Amino acid sequence: MKLHIKYYNVVESTNLTATDAAKCGAKEGTVIIAKRQSDGRGRMCRVWTSPLGGLWFSTILRPVVDPAYAAQLTMLAGVAVCIAVRRLYHTEKAVIKWPNDLLFSGKKICGILSELQLNENGSIDYAVIGIGLNVDLNVKDFPPELRNTAVSLNFIAGEKHACEEVLNAVLDDFFRLYKIWLKSGFDAIMPIWKSLNCTLGNRVKVSDNDEIIFQGIALDIDGQGALIVCDDNGMKKVFDFGEISIR
């Protein structure tokens with residue numbers, strides 16, 4: 001697949017710019033990259049701090065698959081980023097936290113925001129996969145409330161890589177896995193996700209809008225990428241929404 005990469009100094013949000021481009025017919029493989037976002041977004045409309053030194057980009061995809069499987073793209077992106085970071089930084093400390101975060105030694109280095117638009121006939125028109133990766137930020141670049149939970153890769157990994165170098169590594173792995181996913185489905189990706197995750201097998205609390213709604217052991221993920229959690233009474237629930245904290 002040929003990539004169409006567009007660089008910006010500042011955008012409000014790379015996902016928003018990518019969405020506007022997708023609506024205007026931008027091809028699959030269009031990648032929107034910004035040095036800085038003025039109004040970066042995370043899940044649940046939360047602000048994503050996006051200063052210089054981070055890697056902020058969004059990719060437009062137009063997969064011909066059942067929309068029920070589109071959520072797997074977030075997990076696929078997590079696998080791609082994790083593999084790229086591990087390879088580039090010569091470490092196994094980068095792990096995936098369901099549904100859309102990457103951690104390094106317990107601190108957040110990456111978030112993924114996927115958005116989907118359907119056609120009138122119910123098929124996928126486009127998907128936008130936004131990735132924010134803290135590559136070369138200083139502690140002071142993070143808001144005070146995040147300084148104990150977020151960290152920069154170049155700082156914590158003890159190696160220094162430019163954002164462009166990290167971008168190329170992530171895109172290589174992402175589109176390699178994307179081709180596999182289109183051909184063979186998530187069954188070909190799931191074992192890799194499971195080998196890189198830090199969620200399954202641990203006690204978790206599931207929250208929705210900052211309210212704890214369930215807790216127990218994270219047992220598995222289902223075919224669409226939803227998390228299966230079992231409480232102390234043996235009750236199992238499946239979550240395709242919400243956030244988790246690992247205990």
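Rules used throughout
- Residues numbered from 1 in each chain as written.
- Predicted model: local features only at pLDDT ≥ 70, side-chain atom pairs only at ≥ 80, totals over all residues.
- Heavy atoms only, no water.
- Pairing = 2+ DSSP bridges.
- Helix = DSSP H or I, 4+ residues; strand = E, 2+ residues; numbered from the N terminus.
- Axes fitted to C-alpha atoms, helices over the stretch in contact; angles between N-to-C directions.
- Contact = heavy atoms within 4.5 Å.
- Buried < 20%, exposed > 50% of the residue type's maximum accessible area, 1.4 Å probe, protein only.
- Polar contact = N/O pair within 3.5 Å; in protein donor to acceptor, adjacent residues only side chain to side chain.
- Salt bridge = Lys/Arg side-chain N within 4 Å of Asp/Glu carboxyl O.
- Phe/Tyr/Trp six-rings, centres within 6.5 Å; stacked < 30°, edge-to-face > 60°.

Let's talk about the sheet that holds strand 10 (residues 227–230)
Ordered by their spatial adjacency, 5 strands build an open sheet running 11-10-9-8-12, and the pairing between neighbours is antiparallel. The open sheet has two free edges, formed respectively by strand 11 (236–239) and strand 12 (243–246), since each of these has just one partner strand. Taking each pair of neighbouring strands and ignoring which way they run, the sheet shows an average axis angle of 45°. The pairing of strand 8 (residues 203–208) with strand 9 (residues 211–221) spans 6 bridges and is antiparallel.

Digging into the sheet that holds strand 4 (residues 94–97)
Read across the sheet, 7 strands follow the order 1-2-3-7-6-5-4 without closing on themselves; strand pairing throughout is mixed. Here the strands that pair on one side only, and so sit at the sheet edges, are strand 1 (4–11) and strand 4. Averaged over neighbouring strand pairs, the angle between their axes works out to 20° when direction is ignored. Here strand 4 pairs with strand 5 (residues 101–104) via 4 bridges, running antiparallel. Each bridged residue has a counterpart across the sheet, and for isoleucine 96 the counterpart in strand 5 is leucine 102. Each of strand 3 (55–61), strand 4, strand 5, strand 6 (107–118) and strand 7 (124–133) touches helix 2 (residues 72–89); the most contacted strand, strand 4, lies at about 170° to it.

A closer look at helix 1 (residues 14–23)
Helical periodicity: at 3.6 residues per turn, an α-helix aligns residues three or four positions apart in one direction. In terms of residue burial, helix 1 counts as a mostly covered element, since 7 of its 10 residues are buried. What helix 1 keeps buried is the set Thr14, Asn15, Thr17, Ala18, Thr19, Ala21 and Ala22. Those residues of helix 1 that are buried are in contact with strand 1, strand 2 (30–37), strand 3, strand 6 and strand 7. With a side-chain oxygen positioned 3.2 Å from the backbone nitrogen of asparagine 15, the residue opening helix 1 is serine 13. Positive phi appears at glycine 25, one or two residues downstream of helix 1, with a value of about 95°.

A look at the side chain of asparagine 100
Mapping asparagine 100 onto the fold places it in the loop between strand 4 and strand 5. A polar side-chain atom of asparagine 100 sits 2.7 Å from the main-chain carbonyl oxygen of isoleucine 112.

Points about the pairing of strand 7
Taking burial as the measure, the 10 residues of strand 7 include 9 buried ones, the bulk of the element. Across 7 bridges, strand 3 lies against strand 7 in antiparallel orientation. Directly across from isoleucine 60, in strand 7, lies its bridge partner valine 128. Two elements, strand 6 and strand 7, share 9 bridges in a ladder whose sense is antiparallel. The residue of strand 7 that forms the bridge with glycine 111 is glycine 132. Where strand 6 folds back on strand 7, the antiparallel hairpin that results is connected by 5 residues, among which glycine 122 adopts a positive phi of roughly 90°.

Notes on the pattern of salt bridges
Scanning the entire structure with this criterion turns up 8 salt bridges. Across the pair aspartate 101 and lysine 108 runs a salt bridge, and its minimum N-O distance is 3.1 Å. Across the salt bridge formed by arginine 176 and aspartate 173, the nearest N and O atoms sit 2.9 Å from each other. Pair noted here: arginine 176 and aspartate 173 are both in helix 4 (residues 163–184), with a separation of 3 residues, about one helical turn. Its relative accessible area of 40% is what places arginine 176 among the partly exposed residues. Beyond isolated ion pairs, a larger network of salt bridges with shared partners links Arg87, Asp173 and Arg176.

Details of the packing of aromatic side chains
Tallied over the entire structure, the rule returns 6 aromatic pairs. Ring centres of phenylalanine 214 and phenylalanine 239 lie 5.7 Å apart, and the angle between their planes is 45°; this geometry places the pair in the tilted category. Here phenylalanine 214, found in strand 9, pairs with phenylalanine 239, found in strand 11; they are 25 residues apart in sequence, far enough to count as distant. Geometrically, the ring pair formed by phenylalanine 239 and phenylalanine 241 is edge-to-face, given 5.8 Å between the ring centres and 65° between the ring planes. Judged by its relative accessible area of 5%, phenylalanine 239 falls in the buried class. Following the ring pairs from residue to residue traces out a cluster consisting of Phe174, Phe175, Tyr178 and Trp181.

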